[in-house]
Amino acid sequence: MADTPVPATTPNGLSKPATPRPKNVLFIIADDMGTRLGTYGAPVATPNIDAFAHTGVQFNRAYTQYPWCGPSRASFLTGTRPDTTRVFNLATPFRRALPDIQTLPQYFRTNGYFTARVGKVFHQGVPGDIGTSGPDDPQSWDEVVNPRGRDKDAENGKLHNNTPGIPYGGAMTWLADEGADTEQTDGKVATAAIELLKNHANKDQPFFLAVGFYRPHVPEVAPKKYFSLYPLSKMKLANESPASLAAVPDYTKAWTPDNLGMSPLQQREMIRAYFAATSFMDAQVGRVLNELKRLGHDKDTIVVFIGDHGYLLGEHGQWMKNILWEEADRVPMIIRAPGVSVANGKSPRTVEMLDLYPTLTDLAGLQPYSRNEGKSLEPLLRQPDASWNRPAFSQIRGGRSVRTERWRYTEWEDGKLGNELYDLTTDPEQHHNLAQDPRFASVVAQLKATLPQASIGKRPAPSHYDKIHACIGGYASGAQSSAEGNAAVRNGRGGGAGSGAESVVGLKVCEQIDP
């Protein structure tokens, strides 16, 4: 469809330019996807996302507000901070605190867009909610597709489980699967998205299509050909040593012991599986983007690619997310806005996922939504290195963190439990905590003053994983399941482990055993 319709006429017979058709939006989310992509410098084959990055602006310092699926998505899809959504776990619905909030897709729907979702957009437990809507937000969508592929059934005795005792969705599990890409859930997500594009792209009504891929969330299931890209012997472990691991305070961890007790070989298996699942997901992103171009709508569609939070693969001895480290909080964010964004742009500015909502309404020419707590990134799409002095804030239970272009400062229990300061320009792996160094006292004071004043609450002790007895050590964490968390697990929405009480919901808890 042409971007500008045939001009109308005025009462005196003269033609007048018609209002251009509003831009479409294609919003792509990858689950548990940190910046381990080729375009971000990682040794992972992601040719389709890399090529897409060359056509738009890649944000090199983009951060989630809460590095856990449910809270993160509740935040960026409502345009509000976790302190506003009151979503700090995988079970609390954001509409409990915000019953009348208009979500990002709902706002576009209210403004005349056809809105559709394929796969995981709002939180779903993986793999429990695959093939269902899970705890979705029905008023956000005109149409919903919940694909289910062969990977959903792979848990039935097929998976390699490097952490027995932790349920699927949190366990370090993987499978080099048989079958074609299109038999997997993410392959079906891409197929359904392509069908929606075919059916709606050429209609008069603009569309907002959200496409949520499930990989590389565990279980890491992908066709064998993607595993063959990564010889096991060439997988490099995280750059940690006994000394660096010993320096990590317990309150910064989600798990003990370090590396969940996995051997170096098992760690390499998980790194390879994460890479393979990422390459598989990238291929499905490529299918969707190729169809958009084939239909001729790459020139009138705003396209966003993001992960919902980062993911650790052994850094600091930790695996998964829900921790205030760079690897858990930093996300890929790439935006192409026809007529606005520069090509092959790389922005060094510190931005938040919270900024996505006002950015998209701005780019689409909609009135700003008054309840947004972020800021439009439109100036950085035009000039990626433009002046920008906003830091990024992330939080989890018991901890808050602020990130600037140089520093990360974190406080635990409002500083009573401890604090951390890292200079990311000289110490990107965050091995040297400068918070107690008198030379950086002014930096600590300055960054501390930026943190919200609301109390962050208590920090739960890390969950103790006992690989020998295949259980989570309640004696180590003292954690108790919450009623909400138990209900989530019963409904198949555990969605992965995190830290503290919520992380052990539904897990096999060890009997009293001497550590």
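Here the structure is a predicted model, which is why all the values come from computation and not from measurement.

What counts, and at which threshold
Residues numbered from 1 in each chain as written. Predicted model: local features only at pLDDT ≥ 70, side-chain atom pairs only at ≥ 80, totals over all residues. Heavy atoms only, no water. Phe/Tyr/Trp six-rings, centres within 6.5 Å; stacked < 30°, edge-to-face > 60°. Lys NZ or Arg CZ within 6 Å of the ring centre and 35° of its normal. Salt bridge = Lys/Arg side-chain N within 4 Å of Asp/Glu carboxyl O. Helix = DSSP H or I, 4+ residues; strand = E, 2+ residues; numbered from the N terminus. Buried < 20%, exposed > 50% of the residue type's maximum accessible area, 1.4 Å probe, protein only. Pairing = 2+ DSSP bridges. Axes fitted to C-alpha atoms, helices over the stretch in contact; angles between N-to-C directions. Contact = heavy atoms within 4.5 Å. Polar contact = N/O pair within 3.5 Å; in protein donor to acceptor, adjacent residues only side chain to side chain. Parallel < 35°, antiparallel > 145°, perpendicular 65-115°, else oblique. Nonpolar A, V, L, I, M, F, W, Y, C, P; charged D, E, K, R; others polar. Core = buried A, V, L, I, M, F, W, Y, C linked by side-chain atoms within 4.5 Å. Expected span 1.5 Å × (residues − 1).

## Comments concerning the packing of aromatic side chains
Counted by the stated rule, this structure contains 17 aromatic pairs. Among the aromatic residues, those joined into a cluster by ring pairs are F27, F76, F108, Y113 and F208. Residue placement shows R272 over the ring face of W174; its charged tip is 5.1 Å from the ring centre.

## Details of the pattern of salt bridges
Note on pairing: side chains with opposite charge can pair once their charged atoms come close. Using the criterion set out here, one finds 32 salt bridges in the structure. Between D31 and K120 there is a salt bridge whose closest N-O contact spans 2.8 Å. One end of the pair, D31, is in the loop between β3 (24–30) and α1 (47–54); the other, K120, is in the loop between β5 (114–119) and β6 (143–145), and 89 residues separate them in sequence. With respect to class, D31 is no different from K120; both count as buried. Through salt bridges with shared partners, a single network forms among D31, R73, K120 and D308.

## Re unusual backbone geometry
A cis geometry characterises the amide bond from V218 onward to P219, with omega recorded as 0°. With respect to the helices and strands, P219 occurs in the loop between β9 (207–213) and β10 (220–223). Here the residue pair T256 and P257 is connected by a cis peptide bond, since its omega of 0° sits within 30 degrees of zero. Examined against the element boundaries, P257 turns out to sit in the loop between β11 (255–256) and α8 (264–294). Positioned with a positive phi, L260 is a non-glycine residue whose angle comes to about 50°. A relative accessible area of 2% places L260 in the buried class. You will see that N344, though not glycine, has its phi angle at about 55°, which is positive. Tracing the backbone shows N344 in the loop between β15 (330–336) and β16 (345–352).

## Some points on the sheet that holds strand β12 (residues 301–307)
One open sheet holds the eight strands; their spatial order is β6-β5-β9-β3-β12-β15-β4-β16, and the pairing between them is mixed. Bordering the open sheet on either side are β6 and β16, each of which pairs with just one other strand. Each strand axis lies, on average, 15° off the axis of its neighbour in the sheet, ignoring direction. Here strand β4 (residues 57–63) runs beside β15; their pairing, made up of five bridges, is antiparallel. In the strand pairing of β15, Y63 is matched with R330. Of the strands in this sheet, β3 and β12 are in contact with helix α2 (residues 69–78), which crosses β3 at around 165°.

## So, the pairing of β9
Most of β9 sits inside the fold, with seven of its seven residues counted as buried. Across the two faces of β9 the burial is the same, with F207, L209, V211 and F213 and F208, A210 and G212 all buried. In this structure, β3 lies alongside β9, joined through six bridges in parallel fashion. Bridge pairing in β9 places L26 opposite L209. Pairing of β5 with β9, which is carried by six bridges, proceeds in the parallel orientation. Note on β9: the bridge partner recorded for G119 is G212.

## Remarks on the side chain of K321
Within the element layout of this structure, K321 appears in the loop between β14 (319–320) and α9 (326–329). A distance of 2.8 Å separates polar atoms of two side chains, one belonging to K321 and the other to D32.

## Topic: the packing of α1 against α8
Put simply, α1 and α8 touch, their axes get as near as 7 Å, and they point 50° apart. Here α1 lies oblique to α8, going by the angle between them. Packed against α1, whose contacting residues are P47, N48, I49 and F52, the element α8 presents M281, D282, A283, V285, G286 and L289 at the interface. Split into classes, the residues belonging to the contact of α1 with α8 amount to seven nonpolar, two polar and one charged.

## Some details on the nonpolar core
L26, I28, M172, L209, F213, F305 and W319 are the most contacted members of the largest nonpolar core, which has 72 residues in total. With 13 residues, the single largest contributor to this core is α8. In terms of nonpolar packing, the next biggest core, distinct from the first, is built from 44 residues, I29, I101, M333 and I335 among them.

## Focus: the environment of L451
Among the secondary structure elements, L451 is positioned in the loop between α12 (441–448) and β21 (463–466). Separated by 57 residues in the primary sequence, L451 and S394 have C-alpha atoms spaced 9.9 Å apart. Contact partners of L451, with chain neighbours within four places excluded, come to F393, R400, S401, V402, Y409 and E411.

## Some remarks on the pairing of β12
Here β12 lies mainly inside the structure; seven of its seven residues are buried. Burial along β12 is two-sided: the face carrying T301, V303, F305 and G307 and the face carrying I302, V304 and I306 are both buried. The pairing of β3 with β12 spans seven bridges and is classified as parallel. Bridge pairing links A30 to G307 in β12. Pairing geometry for β12 and β15, over four bridges, is antiparallel. By the bridge assignment, V304 is partnered in β15 with I335.

## Remarks on α8
Spanning 31 residues, α8 covers 45 Å between terminal C-alpha atoms, matching the ideal 45 Å at 1.5 Å per step. Among the 31 residues in α8, 24 count as buried, and that is most of the element. Just downstream of α8, G296 is the residue with a positive phi angle, here 80°.

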